[in-house]
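Structural description and commentary
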Amino acid sequence: MKNILLLVSVLFALACKNPVEEQENKKLNKLAGDYVRLGLTIGQYDEDFVDAYYGPDSLKPSRAAEEDFPKDSLVASVNELMNELGSIAHSSISDSNKIRANWMFDQLVAFNRRIRIFSEEYESFDDESRALFGVAAPVYKEDYFKDLVKQLDGILPGKGNVSDRFQRLANKFIIPKDKLEPVIKTAIAEARKRTKSHYELPANESFTLELVEDKPWSGYNWYKGNYKSVIQINTDTKSTIDRAIDVGSHESYPGHHVYNMLLEKHLYHDRGWVELSLYPLFSPQSLIAEGSANYGIDVAFPGNDKVTFAKNVLLPLAGLDTTGIATYFKALTIKGRLNYARNEAARGLIDETMSRREALSWLKKYCLMNNETAEKSLDFIKKYRSYVINYNYGQDLIKRYVEQNGGTAQAPEKRWEIFGKLLSEPVSVSRLVKP
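Being a predicted model, the structure only gives us computed values, none of them experimental. (Residues numbered from 1 in each chain as written. Predicted model: local features only at pLDDT ≥ 70, side-chain atom pairs only at ≥ 80, totals over all residues. Heavy atoms only, no water.)

A separate point is the overall build of the chain. Across its full length, the chain carries 19 helices and 5 strands. Whereas a compact globule of 435 residues would reach a radius of gyration of roughly 22 Å, the chain reaches 23 Å, a difference of no more than 12%. Its C-alpha atoms put the chain at 80 × 60 × 40 Å along the principal axes. In the chain, which comprises 435 residues, the share counted as buried stands at 51%. Sequence separation of 24 or more characterises 71% of the internal contacts of the chain that already satisfy a separation of 6 or more. Counting every atom, the chain has about 20300 Å² of accessible surface; 50% of that belongs to carbon and sulfur. With 58 positive and 59 negative side-chain charges, the chain shows a separation of 5 Å between the mean positions of the two kinds. (Helix = DSSP H or I, 4+ residues; strand = E, 2+ residues; numbered from the N terminus. Rg over C-alpha atoms; globule rule 2.2 N^0.38 Å. Buried < 20%, exposed > 50% of the residue type's maximum accessible area, 1.4 Å probe, protein only. Contact = heavy atoms within 4.5 Å. Areas by Shrake-Rupley, 256 points an atom, 1.4 Å probe, with all protein chains shown as cover. Lys, Arg positive; Asp, Glu negative; His and termini not counted. Charge placed at Lys NZ, Arg CZ, Asp CG, Glu CD.)

Next up, the structure:
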């Protein structure tokens with residue numbers, strides 16, 4: 001009898017669902033469809049705008065792109081959609097509807113700025129990154145980088161300037177080209193095994209690995225939907241053993257491949273939030289995506305796990321000597337903090353306070369890049385502009401959030417748990433930057 005009464009109560013509650021909330025849900029779903037259509041329309045002109053789409057074909061543009069870029073009409077559509085979403089975010093009694101409305105609103109701020117960038121209307125580096133990604137990265141003076149280089153000077157073997165000594169050490173661990181694919185596949189397989197021990201991934205998930213050339217980036221994940229990815233590794237520059245772990249994990253497990261899969265599964269399929277079927281590259285979503293992909297490397301390979309795995313598995317597979325590998329990874333930890341120097345090069349180029357020649361010299365001096373890698377980095381900045389902040393500042397914001405919520409190195413299970421939630425939710429940047 002109690003079970004019957006409970007069932008009746010549940011059915012009554014469902015029948016009496018708030019009609020105002022139901023109407024709001026319908027409106028929000030319509031606006032989400034408009035958001036996707038608008039993003040895909042922008043992508044008809046700006047080929048870098050849409051990084052992934054796996055939603056319904058009915059939302060794809062039905063007309064071919066116009067000959068001239070319709071900047072004014074696109075901006076007007078963005079503003080109209082922002083007004084409607086802002087109204088829902090302000091008045092909704094539903095927390096989930098507020099989250100959805102606010103998330104799309106923030107994304108549309110980025111739509112507006114990217115439309116203007118595509119029309120060659122530029123702002124300062126910091127103003128651009130705030131509009132596109134929701135934050136401006138901290139500024140570091142040259143003395144900060146000098147101090148880090150000094151620390152490297154104290155641990156690197158040999159004589160000469162720090163950059164040359166670092167390159168000599170790194171050159172010992174360059175993966176032969178004929179061993180590159182098996183080494184990267186082995187690194188990804190290990191990252192996948194570690195990730196699957198903590199997360200339940202879709203049974204049909206998979207990826208294809210491709211080695212490519214003539215790209216401005218070192219690696220890329222092209223997410224195709226239905227839990228499938230194409231992972232490309234650029235072979236323009238030589239690959240050191242650490243890159244197999246870092247780029248492999250960043251693009252796959254628990255990086256971009258897992259991030260996109262979990263969003264598709266939990267938000268698009270399970271909850272029907274169609275806005276998450278579109279991933280606009282120049283948006284706050286990329287701060288989360290790149291920051292989590294970089295932080296995820298340390299989640300999967302904590303402490304000394306990277307050096308141990310490289311020494312015991314990857315270096316023998318590559319046919320390389322293991323002598324000096326511990327020093328190399330110690331140097332890489334310090335070098336990782338020098339990554340903010342790339343932001344300063346990008347800031348200088350975009351704000352026109354640094355010439356390309358000066359930026360090249362800066363990257364070689366403070367990012368310890370060789371000439372080939374520095375040139376490639378400048379090509380990336382020219383194409384993607386302030387996007388560079390997502391890798392370092394995004395990583396630091398994700399790290400701080402996870403650790404503030406108990407996911408410290410001393411609590412690895414909690415760290416995987418908090419990290420997994422971030423990969424499965426529409427995270428706002430404001431949530432990450434809260435002190």
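Here we come to helix H18 (residues 412–423). Here H18 contains 12 residues, and its C-alpha end-to-end distance of 16 Å stays within 8% of the 16 Å for a straight helix at 1.5 Å per residue. Among the residues of H18, Arg-415, Trp-416, Ile-418, Phe-419, Gly-420, Leu-422 and Leu-423 are the ones counted as buried. For H18, the secondary structure elements touched by its buried residues are helix H8 (177–196), helix H10 (256–269), helix H11 (284–300), helix H17 (389–404) and helix H19 (429–433). (Expected span 1.5 Å × (residues − 1).)

One can find His-257 in helix H10. In this structure His-257 comes out as buried when scored by relative accessible area, which is 0%. His-257 has contacts with Glu-205, Ser-206, Asn-221, Tyr-223, Tyr-227, Lys-228, Ser-229, Glu-251 and Ser-252, leaving out every residue within four places of it along the chain.

Attention now goes to the sheet that holds strand S2 (residues 206–212). Taken together, the 3 strands give an open sheet; going across it, the order is S2-S4-S3, and neighbouring strands pair in mixed fashion. Both outer strands of the open sheet, S2 and strand S3 (219–225), are each paired with one neighbouring strand and no more. When strand polarity is set aside, the average angle formed by the axes of neighbouring strands in this sheet is 20°. Pairing between S3 and strand S4 (residues 228–234): 6 bridges, direction antiparallel. Residue Gly-225 lies in a different strand from S4, and its bridge partner there is Lys-228. (Pairing = 2+ DSSP bridges. Axes fitted to C-alpha atoms, helices over the stretch in contact; angles between N-to-C directions.)

Over the atoms a probe the size of a water molecule is rolled, and this reveals where empty space is left. Taken as a whole, the second largest pocket holds about 500 Å³ of empty space. Considering the residues around the second largest pocket, the lining is formed by 23 residues, among which Arg-37, Thr-41, Arg-63, Leu-74 and Ser-77 are closest to the centre. If you list the elements that add at least two residues to the lining of the second largest pocket, you get helix H2 (19–45) and helix H3 (71–91). Sorting elements by how many residues they give to the lining of the second largest pocket places H2 first, with 8 residues. For the lining of the second largest pocket, a count of residues per class yields 10 nonpolar, 5 polar and 8 charged. (1 Å grid on protein atoms, 1.4 Å probe; cavity = no way out; pocket = protein on both sides within 12 Å on 5 of 7 lines; lining within 4 Å. Points joined across faces, edges and corners; volume = space filled by probe spheres on them. Nonpolar A, V, L, I, M, F, W, Y, C, P; charged D, E, K, R; others polar.)

This part covers the packing of helix H15 (residues 356–366) against helix H16 (residues 371–384). The geometry of H15 relative to H16 is characterised by a closest axis approach of 9 Å and an angle of 125° between their N-to-C directions. With respect to H16, the element H15 is oriented oblique. Of the two elements, H15 crosses H16, and the hand of that crossing is right-handed. Contact with H15, carried on its side by Arg-356, Ala-359, Leu-360, Leu-363 and Lys-364, involves Asn-371, Ala-374, Glu-375, Ser-377, Leu-378 and Asp-379 of H16 and no other residues of that element. (Parallel < 35°, antiparallel > 145°, perpendicular 65-115°, else oblique. Left-handed = near helix turned anticlockwise from the far one by under 90°.)

Inspection of every chain in the model, using the stated rule, returns 31 aromatic pairs. With a centroid separation of 5.9 Å and 80° between ring planes, the pair formed by Phe-145 and Trp-362 is classed as edge-to-face. Of this pair, Phe-145 sits in helix H6 (residues 142–153) while Trp-362 sits in helix H15; the two residues are 217 residues apart in sequence, bridging distant segments of the chain. Classification of Phe-145 as buried rests on a relative accessible area of 0%. Owing to a relative accessible area of 14%, Trp-362 belongs among the buried residues under this scheme. When the ring of Phe-282 is compared with that of Tyr-384, the centres are 6.3 Å apart and the planes differ by 25°; the resulting orientation is stacked. Of the two residues, Phe-282 sits in the loop between strand S5 (278–280) and H11 while Tyr-384 sits in helix H16, which places them 102 residues apart along the sequence. The class of Tyr-384 is buried, set by a relative accessible area of 6%. (Phe/Tyr/Trp six-rings, centres within 6.5 Å; stacked < 30°, edge-to-face > 60°.)

Under the definition given, this model contains 1 cavity of 30 Å³ or more. Roughly 80 Å³ of internal volume is contained in the largest cavity. Contributing to the lining of the largest cavity are 14 residues, with Trp-103, Gln-285, Ile-288, Pro-426 and Val-427 lying nearest its centre. Those elements that place two or more of their residues in the lining of the largest cavity are helix H4 (95–118), H10 and H11. A per-class count over the lining of the largest cavity returns 9 nonpolar, 3 polar and 2 charged.

Turning our attention to the pattern of salt bridges. The final tally for this structure, using the stated rule, is 29 salt bridges. The partner of Asp-57 in a salt bridge is Lys-60, with the nearest N and O atoms 3.2 Å apart. On the accessibility criterion, Asp-57 (58% relative accessible area) is exposed. With relative accessibility at 43%, the residue Lys-60 sits in the partly exposed group. (Salt bridge = Lys/Arg side-chain N within 4 Å of Asp/Glu carboxyl O.)

Burial analysis of helix H9 (residues 241–251) places 10 of its 11 residues in the buried class, which makes it a mostly covered element. For H9, the set of buried residues is Ile-241, Asp-242, Arg-243, Ala-244, Ile-245, Val-247, Gly-248, Ser-249, His-250 and Glu-251.

It is worth spelling out the pairing of S4 at this point. In terms of residue burial, S4 counts as a mostly covered element, since 6 of its 7 residues are buried. Where S2 lies against S4, 7 bridges are found, and the strand directions are parallel. Each bridged residue has a counterpart across the sheet, and for Leu-211 the counterpart in S4 is Ile-233.

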